[in-house]
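Analysis of the macromolecular model
Here are the chains, one letter per residue:
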Amino acid sequence: MKSIVGVILSDAVKVAVLGVCLLVCVSLVFRSSLLRDRVVNTWKMLQGAALRLADRLLPKTEGVPMEFTEEDGGWGRCTLQSKRSLGKTSFVQYDFDLPKSELTLPLQMGQQVSLSCLDSSDSIAKGDFYVYLGDRSRRTGTFSILAPQRNSDDEDGDMGFDEANFIRVLREDKFVNDELALRPGPSKLEYRGQFLPVTKMIFIAYGVGIVPILQQLKAVLPEGSSSVVQVDVLWVAETRDDFDIIEDQLEAEFLKYPSKLRVQMKVDNLRFNTLADNSKIESAIPDFSPGTMAVLSGPSGVSLRSRSYLVQRGYPDDCICIL
């Protein structure tokens, strides 16, 4: 009997010791995880502080605004510099040189650039595009635009008919060093609502529609730059690779203003689906409150359907802007 009890007690002791060891290990892992999280969070805070300091201290590359005169019908000229696939994304980047290296495009926030040229049959092709900054170190004397690699000939596709036709001409008929005409294009950023001041902004972008959003974030996020205190960005793309368009730039803005900016990226095809079809996307869109402005950016068909969805969610139509 004693031997049996001894064995039982011995096994019980072993189990207890193993349990204590397991608890110690779990505790150490938990503490190391907490420590790792703290180190990561501290590192991100330091990164954000360094980026904000750099924004204040580094000299701004302003350049000389390019002039557009009525003598030329308000048009200037630029030169096609290159056309290249943008990494693993489904987009092509088209780069253009301005007449002089110190020139910049005099565009306001939310304003497009209008481009025009002749196709192979001498017919005029024209399109309006948002300028893509990307990660270029050279900020004067040049600019870029993005377009889908695939063909798109309908207004409910990736872009409007005129823009799709212009990109087709650019891709098939134009070569490096060919000249094109350009001028400041339409400006679509407008708030028509009655709830002033605007304190919250929700940006919903699809695909390349994220391009004009970055410029607006840089304008409203810095302290004291606007009345906006909270910004939500929902970026939907067809593939994970498409987030490479400006994912790094978005992360930089988040690191600088983590308490003010919230960014969520979701993979879905909104050319065929709607915001309401994806529960994760629905939950990423905050409910409307007075002082909120919603900005939609992307293909016109996607933006129109998204506007209808927001109206159903209680957003007043005059508080929604489509770029």
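Above: the structure in question.
The notes below deal with the structure included here. (Residues numbered from 1 in each chain as written. Predicted model: local features only at pLDDT ≥ 70, side-chain atom pairs only at ≥ 80, totals over all residues. Heavy atoms only, no water.)

We now examine empty space enclosed by the protein. Under the counting rule described, the total for this entry stands at 3 cavities of 30 Å³ or more. Considered as a void within the structure, the second largest cavity measures approximately 50 Å³ in volume. Ile204, Ala205, Tyr206, Leu270, Leu296, Ser297, Val302, Ser303 and Ser306 are the residues that line the second largest cavity. Elements that contribute at least two residues to the lining of the second largest cavity include exactly β9 (200–206), β12 (292–297) and α6 (300–312). Grouping the constituent residues of the lining of the second largest cavity by class yields 6 nonpolar, 3 polar and no charged. (1 Å grid on protein atoms, 1.4 Å probe; cavity = no way out; pocket = protein on both sides within 12 Å on 5 of 7 lines; lining within 4 Å. Points joined across faces, edges and corners; volume = space filled by probe spheres on them. Helix = DSSP H or I, 4+ residues; strand = E, 2+ residues; numbered from the N terminus. Nonpolar A, V, L, I, M, F, W, Y, C, P; charged D, E, K, R; others polar.)

This part covers the sheet that holds β12. Pairing is parallel in the open sheet, where 5 strands are placed in the order β11-β10-β9-β12-β13. The sheet is open, and its two edges are formed by β11 (261–267) and β13 (320–322), each paired on a single side. Strand-to-strand twist of the sheet, defined as the mean angle between neighbouring strand axes without regard to direction, takes the value 15°. The pairing of β9 with strand β10 (residues 230–237) spans 7 bridges and is parallel. Bridging across to β10, Ile204 finds its partner in Leu234. Here helix α4 (residues 247–256) sits on the sheet and contacts β10 and β11; the angle it forms with β11, its principal contact strand, is near 150°. (Pairing = 2+ DSSP bridges. Axes fitted to C-alpha atoms, helices over the stretch in contact; angles between N-to-C directions. Contact = heavy atoms within 4.5 Å.)

Let's shift gears to the pattern of salt bridges. All told, the structure shown has 12 salt bridges when counted by the stated rule. Arg271 is the partner of Glu238 in a salt bridge, and the nearest nitrogen-oxygen pair spans 2.9 Å. Separated by 33 residues along the polypeptide, Glu238 in the loop between β10 and α4 and Arg271 in the loop between β11 and α5 (279–284) bring together distant segments of the chain. We classify Glu238 as partly exposed; its relative accessible area is 25%. A single salt-bridge network, built from bridges that share partners, covers Arg192, Arg307 and Asp317. (Salt bridge = Lys/Arg side-chain N within 4 Å of Asp/Glu carboxyl O. Buried < 20%, exposed > 50% of the residue type's maximum accessible area, 1.4 Å probe, protein only.)

Moving on: the pairing of β9. Regular strands have side chains that alternate between both faces of the sheet. Among the 7 residues of β9, 6 are classified as buried, and the element is accordingly described as predominantly covered. Handedness of the crossover joining β9 and β10 through helix α3 (residues 211–220) is recorded here as right-handed. (Right-handed = clockwise from strand over helix to strand, strands pointing away.)

The next point concerns the packing of α3 against α4. Closest axis-to-axis distance for the α3/α4 pair is 11 Å, and the angle between their directions is 15°. The angle between the axes of α3 and α4 places the two elements in the roughly parallel class. Considering the relative orientation of α3 and α4, their crossing is left-handed. Across the interface between the two elements, Leu214, Leu217 and Lys218 from α3 touch Gln249, Leu250, Glu253 and Lys256 from α4. When the residues that make up the contact of α3 with α4 are grouped by side-chain class, the tally is 3 nonpolar, 1 polar and 3 charged. (Parallel < 35°, antiparallel > 145°, perpendicular 65-115°, else oblique. Left-handed = near helix turned anticlockwise from the far one by under 90°.)

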